[in-house]
Amino acid sequence: MNVSAQWLIDLVPGLTGKPEEISEHLALRGAPVDGITSPGGGLGDIIIGRVIRARQHPNADRLRVCEVDNGAEIVQIVCGAPVVRDGACYPLAPIGAILPGDFKIKKSKIRGEVSHGMLCSAKELGLGDDHSGIMELVGDFTPGESFINSVGLNDFTLDVEVTANRGDLLSHVGIARELAAAGEGRIELPEIPDGSDLPLGYQTGAPEVEHTGFSVRIEDENLCHRYIGAVIRGVSVKPSPGWLQARLRGAGARPVNNVVDATNYVLLELGQPMHAFDLSELRGQSVIVRRASQKEAEFKTLDGETRSISTDMLMICDEEVPVAIAGVMGGNNSEVSDRTVDILLECALFDPKATRATRRELGMSTDASYRYERGVDPDGLRSAMERCIHLVLSTAGGELEGPILDCNPVPFESSTVELRLSRIEKLLGIPFEAGYVGELLAPLGFIVEGQTDGVLRVRVPGFRSYDVTREVDLIEEVARTHGFDNFPDTLGPQRASSVSDHPLFQLEDRLRAVLVGHGLFEVQTPAFCPEGEGDVEVLNPLTTVEPFLRSSLMPSLLRRVEYNMARGNRDVRLFELGTSFHKGGSGEPPLEEPHLATILTGRREPPHWSREDEEFSMWDLKALVVDIASRVYGEETTIDSVGGKCPTLLDENMCIYVRTGSGDIVGCAGRVTDEASDLPVWAGDVWSFELALPRNPSKGAEVVVTPLPQFPASERDLALLLPPTVTSREVSESIRRSAGPDLEALEVFDLYVGEGIPEGVRSVAFRLRFRSIKKTLKDKQVDKNMSAVLKRLEEDLGVEARG
Amino acid sequence: MSESNPIADLRALEEEATAAVKSAQNRESLEEVRVTYLGRSEGRLSAILRGLAQVPVERRPEVGKSANTVKAKISRALEMRQLELVAPSAENEVDLTMPGRPRWRGGLHPITQAVDEIWHIFRDLGFARARGPEADTVWYNFEALNTPLDHPAADEQDTLYLVDSVLLRSHTSPVQMRTMEANEPPIRIIAPGWVYRRDTYDATHTPAFMQIEGLVIDEGITFVDFKATLAEFARRYWGPDTQVRFRPSYFPFTEPSAEVDVKRIITRPDGTQYETEWLEIMGSGMVDPNVIANAGYDPERYTGWAFGMGPGRIAMLKHGVQDLRTFFENDVRFLEQFAR
């Protein structure tokens, strides 16, 4: 909401201070100011100039040469406007002035005539779209004076952030109420210059009210509780007086004409949307508030747009057709124009939810709908109507015809809310006296009507009837006006939480530490993905590029590798902890699974003068997989090269799977195929791993220590010839089965293929370590074990020792 | 017994050893020299001293003294030469100024670091971490939190929907309700996690981002506890000199509601200090009684407070990151700067 600082100062007697200070007051009342601008910003160089005499330019038909009084002297200025009146005042940009758009005024010669500056149009000053002529100033002005001071543009516009619950703050009076405490504690409406304060008469009724042949009828009282109409005849539509224009500009609004400006003024001052119809454009002598009919499918609003309307929408209609969308926007068919003589003023109360539904369906929001959605003061309609009538009469003339028609099928009744002093203390932590509570609430319009046994009966004003309906709502007002800063902030004793730290967070903490230790960087990437990378679709995505939720983190990591490589980063080691989404049952939320993924490419170690650079390989990936998988799923986890479904991203000949002790495949790892990635030619292999994490990880078995050995070990090396069909794992398993209970450790320490061994056969070297917990093993015993191992290998797998 | 002159022998030994020390070109050969002359069992000086038994008793002190002097002189010469040889002048010596053999250094994402730092402070204040689903229902995201869908407050978080009543949570507040349902007071939790909004990427918005929820529910929890705990957090996170301000605001699920602002004192490298503007760090308030009732608790008996903050925004403020998108680009040269 754009708020004029000058308007606030006029509304709050005693309020002084710079806009920044007013902003600070407002911030501490819950309405922070996002920015401060000035309606006269950039126009500081402009002064008032009075044209003494204008004559035709001798060498140009369309130009005029003016003698202009600039306060200090009479200067000659060439002007292109069709009309320049002798004796009138205009904004004058003297030589050296800078206009909006960084346009510097220089002394110039136009078709042989010297021009000492420029007389400006509204558009040139950024004050409107009118560039047909220079901006004639209406009123008393002194040549040479500052333009912005003279026309009241020396104001400041505060961009006040109003929260969704405070419809009452969408007006200067509402904001002023919050500032009253910074002044003399009250607010006062500024007088309308040349306004009258004659009392105005009303004709009331429901659902129809009529006088001298003109009627107002409400057909849907649920959507419109009240509609007040007033007929004014004989207005003359023209630009508003300077003070009104300045007011509107101060509040960030553009003046249009005196009638429209009067309605906007009331909206900005009191928060009550008003509308003016050109009465001569209405068919018949009635205003009917009803829903659109089936036939009325389209409606042209006064912004020139044709809009589709539905029978849910409340319309303001004449006897034949709609003339406005209730609470949203008037119609093109009844708009006030320069030729308008008779008007109908509307001041109504429309339902917030219905207004919201309508304007959402229409995909639009207006100053009026914004206020109706948030609730306008149901008790303020008459004063708003009267204010508007006085404004129109004083600025556009005309006469009010008959009494004001007030159709009010659902009269507003203010409510009272009970407020326990004990509850205030229980919630806020410090005691409050009844009298002090009354003092805090009164300036906001709340009236404490009585008190019994520490329970206050508080009457809620109409403008707060939307957001203050419960005791706690009043307690918030008490806390807010007492000032949050005035509460102590001493930390008291607290009971321990009954909730334990979630074990998945703890698992994630451990994995992060391990992966950072492995030299990987953690990344965060949003869960959105293109079609094909997930089966959960977002119904209303903002872009259609990534309308799905990912089922796998691997593609996101690959994209990060591509991003890095495109920037010349060739060593990229990343991991991410994130959620994988899968379609749930019909109408059900998707299934969520916590995942960990890693990606490795580039050199396996930083370059060093002592060694050759080496790229990451399958063996680095596999070691990482084994380490992580066993930390998550325990030592019984195995890594298989078959049994899982290879993701499309990975090469199926270079893919391994993580199998838990209970046999479930929970992860896979392998080489990213060239087809799946978009990488520079110099990029090496990319290795990726993804693991599903348990949603609720168990703590895992306690460590039970194995006693340290007391007797020496015997090691034996065994080079074995493995035919192509035999795997290293089969050999290891055979050895473990046949080596006897004293086999302490078994490791592969060499692989040889080539000269000296048959084609297709691999020579794999195993190291066996034997140790007894009871005695020192004799060579004879170990030899016996080795014979058993070799015998079994030959029988079961056809594997022999290399000769 | 032969005519022996141990004193002359010692003198000759000294000369010979000194020359040998001078000619040693590296530390290995210098060590050989030391062993040759001063070695405990095989050294030449030891051999002379073993011969002391044959020296007449009356001369022994003189020879002993002389032997000690020679030993000291040779030792001294060895030390001096050793110092000279530390500089890698010799070909096969190690230059210790060469770079060490490094391993890759990894690091946590800066937003994780912010979450962790915040979590550690709340852990010290007696909080535990809770989680909830990222895709949730309209009930948990809005209605249970006292936010009817037809209220303008629901607009403020333009929400991404999956099916009719299922959405991507627009804040971490659904965890409040889920935690209350699954537990009994006293509840003191924080809930870090992803949230989703119908936003386009710009310098301060991304359609998905991290948020941290906080919730306290117990008997006797007041606005004073709320202020005290969050002010304590702010001072521990931003520094003890930090000013904390609670500014009235509006969230449908808290009442009274407050924005929390901090003003930091920052010390420049030259030691001078300056005060920052007020920085908005979180939304918060006393839990609305409707929310407490929706969880099945008696709002007359239980009260509490809650907050929500964006660790991404806090990391931006703390590290001078100008554009939120930088966190999601994950350029390793950016991430490396946080690998500390």
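Residues numbered from 1 in each chain as written. Chains lettered and ligands numbered in written order. Predicted model: local features only at pLDDT ≥ 70, side-chain atom pairs only at ≥ 80, totals over all residues. Heavy atoms only, no water.

(A) Structural detail: the overall build of chain B. In terms of helices and strands, chain B carries 12 helices and 12 strands. A compact globule built from 340 residues should have a C-alpha radius of gyration of about 20 Å, whereas chain B, at 38 Å, is more than 25% larger. A total of 340 residues make up chain B; the buried ones form 55% of that total. Counting only contacts in chain B whose residues sit at least 6 apart along the sequence, the fraction spanning at least 24 positions is 66%. For chain B, the exposed area adds up to about 15,700 Å²; of that, 49% sits on carbon and sulfur atoms. If you average the places of the 39 positive and of the 51 negative side-chain charges in chain B, the two averages end up 11 Å apart. (Helix = DSSP H or I, 4+ residues; strand = E, 2+ residues; numbered from the N terminus. Rg over C-alpha atoms; globule rule 2.2 N^0.38 Å. Buried < 20%, exposed > 50% of the residue type's maximum accessible area, 1.4 Å probe, protein only. Contact = heavy atoms within 4.5 Å. Areas by Shrake-Rupley, 256 points an atom, 1.4 Å probe, with all protein chains shown as cover. Lys, Arg positive; Asp, Glu negative; His and termini not counted. Charge placed at Lys NZ, Arg CZ, Asp CG, Glu CD.)

(B) Spotlight on the interface of chain A and chain B. Contacts between the two partners involve 97 residues from chain A, matched on the other side by 102 residues from chain B. Around 8,500 Å² of area is buried between chain A and chain B when both sides are counted, 56% of it from carbon and sulfur atoms. On inspection of chain A and its partner chain B, the count reaches 10 salt bridges. Of the charged contacts, one joins Glu-300 of chain B and Arg-420 of chain A as a salt bridge, the two residues approaching to 2.8 Å between their closest N and O atoms. Where chain A touches chain B, the interface holds 49 residue pairs in polar contact (both at pLDDT 80 or more). If you tally residues by element for the side of chain A that touches chain B, the top one is helix α13 (residues 503-517) of chain A, at 7 residues. A breakdown of the residues in the side of chain A that touches chain B according to their chemical character gives 41 nonpolar, 21 polar and 35 charged. (Buried area = accessible area lost by both parts, 1.4 Å probe. Salt bridge = Lys/Arg side-chain N within 4 Å of Asp/Glu carboxyl O. Polar contact = N/O pair within 3.5 Å; in protein donor to acceptor, adjacent residues only side chain to side chain. Nonpolar A, V, L, I, M, F, W, Y, C, P; charged D, E, K, R; others polar.)

(C) Broad picture of the domain arrangement of chain B. Once the domains are mapped, chain B shows domain 1 (6-86) and domain 2 (110-338). Taking only C-alpha atoms into account, the centre of domain 1 of chain B sits 78 Å from that of domain 2 of chain B. (Domains from an automatic or database assignment.)

(D) Representation of the pattern of salt bridges. Residue and element names in this part refer to chain A. According to the stated counting rule, one finds 80 salt bridges over all chains in the structure shown. Glu-401 is the partner of Arg-233 in a salt bridge, and the nearest nitrogen-oxygen pair spans 2.5 Å. Taken together, the residues Arg-233 in strand β16 (residues 224-233) and Glu-401 in strand β25 (residues 399-407) connect sequence positions 168 residues apart. Shared partners join several salt bridges into a network, and the residues in it are Arg-29, Arg-166, Asp-168, Glu-178, Arg-464, Asp-467, Glu-477 and Arg-480.

(E) Representation of the sheet that holds strand β17 (residues 274-278) of chain A within the structure. All names here are of chain A. A sheet is described by the order of its strands in space; here 5 strands give the open sequence β13-β25-β16-β24-β17, paired in mixed fashion. Edge strands, defined here as strands with exactly one partner in the open sheet, are β13 (202-205) and β17. Here the average twist between neighbouring strands, direction ignored, is 20°. As defined by bridge partners, β17 adjoins strand β24 (residues 343-350) across 5 bridges and the pair is classed as antiparallel. Within β24, the position partnered with Asp-278 by the bridge is Ile-343. Where helix α6 (residues 258-270) meets the sheet, its contacts fall on β17 and β24, and the angle it forms with β17 comes to roughly 160°. (Pairing = 2+ DSSP bridges. Axes fitted to C-alpha atoms, helices over the stretch in contact; angles between N-to-C directions.)

(F) Highlighting the domain arrangement of chain A. What the domain assignment lists for chain A is domain 1 (2-39 + 156-182), domain 2 (47-150), domain 3 (202-407), domain 4 (416-485), domain 5 (503-692) and domain 6 (714-801). Relative placement of domain 2 of chain A and domain 5 of chain A: their C-alpha centres are 70 Å apart.

(G) Broad picture of the confidence of the model for chain B. Confidence in the prediction for chain B averages 90 pLDDT; 96% of positions are at 70 or higher. The least confident element of chain B is helix α3 (residues 44-50) of chain B, whose mean pLDDT is 80; the most confident is strand β1 (residues 128-129) of chain B, at 98. (pLDDT = per-residue confidence, 0-100.)

(H) Molecular detail of α13 of chain A. All names here are of chain A. Under the 1.5 Å per step criterion, the end-to-end length of α13 is 21 Å for 15 residues, consistent within 8% with the ideal 21 Å. Along α13, the residues classified as buried are Leu-504, Phe-505, Leu-507, Glu-508, Leu-511, Arg-512, Val-514 and Leu-515. One or two positions beyond α13, positive phi appears at Gly-519, with a value near 90°. (Expected span 1.5 Å × (residues − 1).)

(I) Inspection of the packing of helix α16 (residues 728-738) of chain A against helix α17 (residues 779-797) of chain A at higher detail. Residue and element names in this part refer to chain A. Between α16 and α17, the shortest axis-to-axis distance is 9 Å and the interhelical angle comes to 135°. Classed by the angle they form, the pair α16 and α17 counts as oblique. Here the hand of the crossing between α16 and α17 comes out right-handed. Contact residues: Glu-730, Val-731, Ser-734, Ile-735, Arg-737 and Ser-738 in α16; Asn-785, Ala-788, Val-789, Arg-792, Leu-793 and Leu-797 in α17. Of the residues belonging to the contact of α16 with α17, the class tally is 6 nonpolar, 3 polar and 3 charged. (Parallel < 35°, antiparallel > 145°, perpendicular 65-115°, else oblique. Left-handed = near helix turned anticlockwise from the far one by under 90°.)

(J) A look at the pairing of strand β12 (residues 302-309) of chain B. Residue and element names in this part refer to chain B. In terms of residue burial, β12 counts as a mostly covered element, since 7 of its 8 residues are buried. In this structure, strand β6 (residues 208-219) lies alongside β12, joined through 8 bridges in antiparallel fashion. The residue of β12 that forms the bridge with Ile-217 is Gly-304. Where strand β11 (residues 279-287) lies against β12, 4 bridges are found, and the strand directions are antiparallel. In the sheet register, Gly-283 faces β12, and the bridge partner there is Gly-308.

(K) Representation of the side chain of Asp-501 of chain A in the model. Examined against the element boundaries, Asp-501 of chain A turns out to sit in the loop between α12 (471-482) and α13. A distance of 3.0 Å separates the side chain of Asp-501 of chain A from the side chain of Gln-506 of chain A, its partner in a polar contact. A polar side-chain atom of Asp-501 of chain A sits 2.7 Å from the main-chain amide nitrogen of Arg-129 of chain B. Among all residues touching Asp-501 of chain A, those that are not within four sequence positions of it are Gln-506 of chain A together with Trp-119, Ala-128 and Arg-129 of chain B.

(L) Broad picture of the sheet that holds strand β41 (residues 762-770) of chain A. All names here are of chain A. Spatially, the 4 strands line up as an open sheet ordered β40-β41-β39-β42, and their pairing is antiparallel. The open sheet has two free edges, formed respectively by β40 (743-752) and β42 (800-801), since each of these has just one partner strand. Of the strand pairs in this sheet, β40 and β41 are connected by 8 bridges, and their pairing is antiparallel. Within β41, the residue paired with Asp-750 across the bridge is Ala-765. Along the sheet face, α17 touches β39 (714-722), β41 and β42 and points at about 20° away from the line of β39.

(M) Main features of the environment of Tyr-297 of chain B. All names here are of chain B. On the secondary structure map, Tyr-297 appears in the loop between α9 (289-294) and β12. Overall, Tyr-297 belongs to the buried group, its relative accessible area being 8%. Taking the C-alpha atoms as reference points, Tyr-297 and Ile-217, 80 residues apart in sequence, are found 9.9 Å from one another. Apart from the residues lying within four places of it in its own chain, the contact partners of Tyr-297 are Met-180, Asn-183, Glu-184, Pro-185, Ile-187, Ile-217, Ile-292 and Tyr-302. Side-chain polar atoms of Tyr-297 contact the backbone oxygen of Met-180, separated by 2.7 Å.

(N) Spatial organisation of the packing of helix α5 (residues 110-124) of chain B against helix α10 (residues 311-319) of chain B. Residues and elements named next belong to chain B. In contact at an axis separation of 9 Å, α5 and α10 are set at 100° when each is read in the N-to-C sense. By the angle class used here, α5 and α10 are roughly perpendicular. Contacts between α5 and α10 pair Ile-111, Ala-114, Val-115, Glu-117 and Ile-118 from the former with Pro-311, Gly-312, Ile-314, Ala-315 and Lys-318 from the latter. Considering only residue class, the contact of α5 with α10 consists of 7 nonpolar, 1 polar and 2 charged.

(O) Spatial organisation of helix α4 (residues 172-179) of chain A. All names here are of chain A. The buried fraction of α4 amounts to 8 of the 8 residues, a majority that puts the element mostly inside the structure. Within α4 the residues assigned to the buried category are His-172, Val-173, Gly-174, Ile-175, Ala-176, Arg-177, Glu-178 and Leu-179. On the buried face of α4, the contacting elements are β1 (2-4), α1 (5-11), α2 (19-27), β12 (157-160), α6 and α12.

(P) Broad picture of the environment of Met-180 of chain B. All names here are of chain B. You can see Met-180 is positioned in helix α7 (residues 174-182). Once the C-alpha coordinates of Met-180 and Ala-8 are considered, the two residues, 172 residues apart in sequence, prove to be 98 Å apart. Met-180 has contacts with Ile-187, Leu-215, Ile-217, Val-291, Ala-295 and Tyr-297, leaving out every residue within four places of it along the chain.

(Q) The arrangement of the packing of aromatic side chains in detail. Scanning all chains against the criterion turns up 23 aromatic pairs over all chains. Relative to Phe-233 of chain B, the ring of Phe-122 of chain B lies with its centre 4.8 Å away and its plane at 20°, an arrangement referred to as stacked. Of this pair, Phe-122 of chain B sits in helix α5 while Phe-233 of chain B sits in helix α8 (residues 223-238), and the two are 111 residues apart along the sequence. Across the pair, Phe-233 of chain B and Phe-122 of chain B agree in class, each one buried. The lysine or arginine in question, Arg-382 of chain A, covers the ring of Tyr-202 of chain A, its NZ or CZ lying 3.6 Å from the ring centre. (Phe/Tyr/Trp six-rings, centres within 6.5 Å; stacked < 30°, edge-to-face > 60°. Lys NZ or Arg CZ within 6 Å of the ring centre and 35° of its normal.)

(R) Representation of a positive patch on the surface within the structure. All names here are of chain A. Together, Lys-774, Lys-775, Lys-778, Lys-780 and Lys-784 make up a positively charged patch on the protein surface. Locating Lys-775 in the fold gives a position in the loop between β41 and α17. For Lys-775, a relative accessible area of 47% translates into the label partly exposed. (Patch = residues over 30% accessible without salt bridge, like charges linked within 9 Å, V, L, I, M, F, W, Y side chains within 5 Å.)

(S) Structural context of the state of the cysteines. Residues and elements named next belong to chain A. Following the criterion strictly, the structure yields 0 disulfides over all chains and no others. Between Cys-89, a cysteine without a disulfide, and Cys-66, which holds the nearest cysteine sulfur, the sulfur-to-sulfur distance is 13 Å. Judged by its relative accessible area of 6%, Cys-89 is buried. (Disulfide = S-S within 2.5 Å.)

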